[in-house]
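Tertiary structure, described
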Amino acid sequence: MASTCAWKPCGQTKQDAFIVKFSNGHVKKAEQLKIGAFKHTDAVNPRKKNRRIVVAESDRLSYVGNNFGSASLQCNNMCRYFVGVLDKRTMKMKVHNAQLFNMQPVIPGEAEAANENTTQAETYRDKVDALIEAFGTTKQKRALSSRRLNEVGNDTLQKAVARAANNIIDQKGVEALHNAVAETEAQTDTAKFLPFCNTEADKPEDVYSFDELLSPVEFEALNDVGVKMAELTPEDLQKMKDEGSPQTVLKHLEFLPKEAAARERLSRCAWYLSFLIKVSLQKRLSRKFCVENGCPRIIINKVLKNFTVESFHDGNLRSTVSTSMRMKLASHCLALLLHMGDQTANLTLLHRDLGISDIKMLELAKAMGLTLSRTSACSTEEVGTQDEHRMASLVLPLVCYDRHNERRKRKRMK
């Protein structure tokens with residue numbers, strides 16, 4: 001029986017025909033499927049008006065297919081398909097535009113997991129990591145693996161620290177922790193510049209041990225320069241005074257004890273104190289510093305190691321006396337003065353010799369737990385005048401100053 005074919009252009013068809021393909025096999029009973037089609041609500045946008053979603057539901061599974069996105073058949077964009085529909089009553093066939101849909105089974109919960117994975121991979125770092133995993137070199141993959149292991153380690157450490165912090169807060173309370181932090185902050189600025197302190201010592205001379213300031217080997221190396229100091233005449237002392245030698249050193253050299261052992265000990269300490277003051281007034285230090293004055297090699301090495309900072313300049317390594325190192329020198333000079341003056345030191349003369357402010361000198365003395373006092377001394381420049389000096393003494397127990405209460409409050413502008 002002959003049949004005829006009638007052609008209707010795309011504009012005359014109200015809706016295209018949909019041809020579906022099931023990814024997991026053939027459907028034996030198509031009439032039992034509930035099929036529905038959905039179109040995009042934006043009919044003006046040329047990119048969205050042709051988007052379609054086809055849904056097929058059965059008793060066992062649900063299927064979804066669309067003509068856009070990564071799950072669609074890529075041939076839809078490059079080819080045009082037609083399908084002929086035969087009317088058995090009139091035996092005439094109508095040709096319609098057709099669209100192909102690949103029907104994928106939908107498993108409950110799979111879409112949410114896919115959305116979560118997609119959201120997590122949207123960052124630039126994750127995209128770069130994915131490219132390294134797929135196309136990176138062995139070195140890049142090793143670096144990626146190492147970085148991920150470090151991230152896991154950091155997360156574990158942060159969780160452990162958080163648990164420990166919560167336990168401490170529960171045990172001590174917030175107020176006690178605030179007080180502990182305030183006390184730590186008060187000691188942080190100056191603690192690294194101070195000499196070793198034995199807070200459990202029974203004697204004042206053991207708090208800042210002399211052996212920590214000068215080891216027995218270093219003290220023995222000062223024998224020759226100490227002898228020269230002990231042999232200075234009043235004329236030599238006057239010459240040193242005219243040349244601007246440190247007043248702190250001159251005060252002790254003027255009153256050296258007669259007893260041989262005490263005189264030898266004090267003269268060595270006076271030379272070492274004078275050397276530290278000279279170092280604090282320098283900007284840079286070399287190994288030849290004060291060699292012509294008989295400085296022992298062990299002493300210059302000790303000072304370069306403990307009181308200078310190494311820095312590079314024009315390819316050369318320099319030993320610089322920084323501001324923090326000057327404060328460290330000042331604290332060691334003060335501790336040495338305590339041993340030279342029966343655990344009492346003149347802060348006024350020391351801060352003048354070191355060239356630092358009296359405020360910084362007081363802060364160091366307070367940080368070392370010393371007891372402060374004032375005394376009157378006759379001025380050497382003008383006869384009959386009195387000059388008030390600040391004194392520091394080491395008395396057990398050490399004084400703990402409240403630094404926060406002593407800070408000057410800034411005046412508010414009216």
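Structure shown above.
Read on for an overview of the structure. (Residues numbered from 1 in each chain as written. Predicted model: local features only at pLDDT ≥ 70, side-chain atom pairs only at ≥ 80, totals over all residues. Heavy atoms only, no water.)

**Points about the overall build of the chain**
Defined as follows: Numbering goes from the N terminus for both helices and strands, where a helix is a DSSP run of H or I of at least four residues and a strand is a run of E of at least two. Buried residues are those whose accessible area, probed at 1.4 Å on protein chains only, stays under 20% of the maximum for their type, while exposed residues exceed 50% and partly exposed ones sit between those limits. Every residue pair with non-hydrogen atoms within 4.5 Å of one another is taken to be in contact. In short, Shrake-Rupley with a 1.4 Å probe defines the accessible areas, and a residue's cover is counted only from the protein chains shown.
Within the chain one finds 14 helices and 13 strands. Scored against the burial criterion, the 414 residues of the chain give a buried share of 29%. Within the chain, contacts between residues separated by at least 24 positions form 57% of all contacts whose residues are at least 6 apart in sequence. Within the structure as shown, the chain displays about 28900 Å² of accessible surface, and the carbon and sulfur contribution to it stands at 52%.

**Observations regarding the packing of helix 7 (residues 223-230) against helix 10 (residues 260-280)**
Just so we agree on the cut-off: In this analysis an axis means a line fitted to C-alpha atoms, helices contributing only their contacting stretch, and an angle means the value between N-to-C directions, from 0 to 180 degrees. When describing relative orientation, an angle under 35 degrees is termed roughly parallel and one over 145 degrees roughly antiparallel, while 65 to 115 degrees is termed roughly perpendicular and anything else oblique. For this classification, the nonpolar set comprises Ala, Val, Leu, Ile, Met, Phe, Trp, Tyr, Cys and Pro, the charged set comprises Asp, Glu, Lys and Arg, and every other residue, Gly included, is treated as polar.
Running from N to C, helix 7 and helix 10 cross one another at 105 degrees; their axes reach a closest spacing of 8 Å. Judged by the angle between their axes, helix 7 and helix 10 are roughly perpendicular. Taken together, the residues of helix 10 that come into contact with helix 7 (itself represented by N223, V225, G226, M229 and A230) are R263, E264, S267, R268 and W271. In terms of residue class, the contact of helix 7 with helix 10 is made up of four nonpolar, three polar and three charged.

**Observations concerning the environment of V54**
If you trace the backbone, V54 turns up in strand 4 (residues 52-57). As for V54 and N67, which are separated by 13 residues in sequence, their C-alpha atoms are 8.9 Å apart. Setting aside anything within four residues of it in sequence, one finds V54 in contact with F18, V20, I35, G36, A37, Y63, V64, G65, F101 and M103.

**A look at the packing of helix 12 (residues 323-340) against helix 14 (residues 358-367)**
Definition in use: Handedness of a crossing is defined here by the sense of rotation of the near helix relative to the far one, left-handed for an anticlockwise turn of less than a right angle and right-handed for a clockwise turn.
Direction vectors running N to C along helix 12 and helix 14 enclose 60 degrees, while the axes themselves pass 10 Å from each other. Between helix 12 and helix 14, the interaxial angle falls into the category oblique. Between helix 12 and helix 14 lies a crossing of right-handed hand. The segment helix 12 lies against helix 14, with M327, A330, S331 and L334 engaging K360, M361, L364 and A365. Each residue belonging to the contact of helix 12 with helix 14 can be placed in one class, and the counts come to six nonpolar, one polar and one charged.

**Overview of the packing of aromatic side chains**
In this description, an aromatic ring pair is defined by two values, namely the gap between the centres and the angle between the planes. Which entries qualify depends on this criterion: Any two of the Phe, Tyr and Trp rings considered here, Trp counted by its six-membered ring, make a pair once their centres fall within 6.5 Å; the pair's planes then place it as stacked at under 30 degrees, edge-to-face at over 60, or tilted in between. Definition used: whenever NZ (Lys) or CZ (Arg) falls within 6 Å of the ring centre and also within 35 degrees of the ring normal, the charge is taken to sit over that ring.
Summed over all chains, the structure comprises four aromatic pairs. Ring centres of F18 and F101 lie 5.1 Å apart, and the angle between their planes is 70 degrees; this geometry places the pair in the edge-to-face category. With a gap of 83 residues between them, F18 in strand 2 (residues 17-22) and F101 in strand 7 (residues 92-106) connect regions that are remote in the sequence. Measuring from centroid to centroid gives 5.7 Å for F210 and F219, while their planes differ by 80 degrees, and the two rings are edge-to-face. Comparing F210 with F219 shows no difference in burial state: the two are buried. Over the ring of F210 we find R265, and its NZ or CZ is 4.1 Å from the ring centre. Directly above the ring of F307 sits K328, whose terminal nitrogen or CZ lies 5.7 Å from the centroid.

**Thoughts on helix 14**
What counts, and what does not: Think of the arc as the fan of directions from the helix axis to the C-beta atoms.
Buried within helix 14 are the following residues: M361, L362, L364 and A365. Angularly, the buried residues of helix 14 cover 160 degrees about the axis, an arc narrow enough to put them on a single face. One or two positions beyond helix 14, positive phi appears at G369, with a value near 75 degrees.

**Points about the pattern of salt bridges**
Selection criterion: Salt bridges are defined by distance alone: a side-chain nitrogen of Lys or Arg within 4 Å of a carboxyl oxygen of Asp or Glu.
A complete count under the given rule lists six salt bridges for this structure. Here R147 makes a salt bridge to D129, at a shortest N to O gap of 2.6 Å. Separated by 18 residues along the polypeptide, R147 in helix 3 (residues 138-172) and D129 in helix 2 (residues 124-135) bring together distant segments of the chain. When its relative accessible area of 4% is taken as the criterion, D129 is described as buried. A salt bridge links E218 to K302, with the nearest nitrogen and oxygen atoms 3.4 Å apart. Note that E218 is positioned in helix 6 (residues 216-221) and K302 in helix 11 (residues 297-306), a separation of 84 residues in sequence. The burial state of E218 is the same as that of K302; both residues are buried. Taken together, the shared-partner salt bridges connect D129, R147 and E151 into one network.

**Some points on helix 12**
We apply this condition: What a helix should span is 1.5 Å times the count of its residues minus one.
For helix 12, which comprises 18 residues, the first-to-last C-alpha distance of 26 Å matches the rise-based estimate of 26 Å (1.5 Å per residue) to within 8%. In terms of burial, helix 12 is a largely internal element, 15 of the 18 residues being buried. Positive phi appears at D342, one or two residues downstream of helix 12, with a value of about 55 degrees.

**A closer look at the side chain of K328**
To keep it simple, the criterion reads: Neither His nor the chain ends is counted toward charge; the positive residues are Lys and Arg and the negative residues Asp and Glu.
In this fold, K328 is placed in helix 12. Buried charged residue K328 carries no salt bridge. Nearest counter-charge: E212, at 11 Å. Residue contacts for K328: discarding those within four places in its chain leaves F193, N306 and F307.

**Side note on unusual backbone geometry**
Outside of glycine, negative phi angles account for most residues, and trans bonds account for most peptide bonds. Look at the link from L396 to P397: it is a cis peptide, with omega at -5 degrees. A positive phi angle, close to 65 degrees, is found at Q343, a residue other than glycine. Within the element layout of this structure, Q343 appears in the loop between helix 12 and strand 11 (344-346). Given a relative accessible area of 10%, Q343 falls into the buried group.

Note that every value here comes from positions in space, so none of it alone points to a role or purpose.
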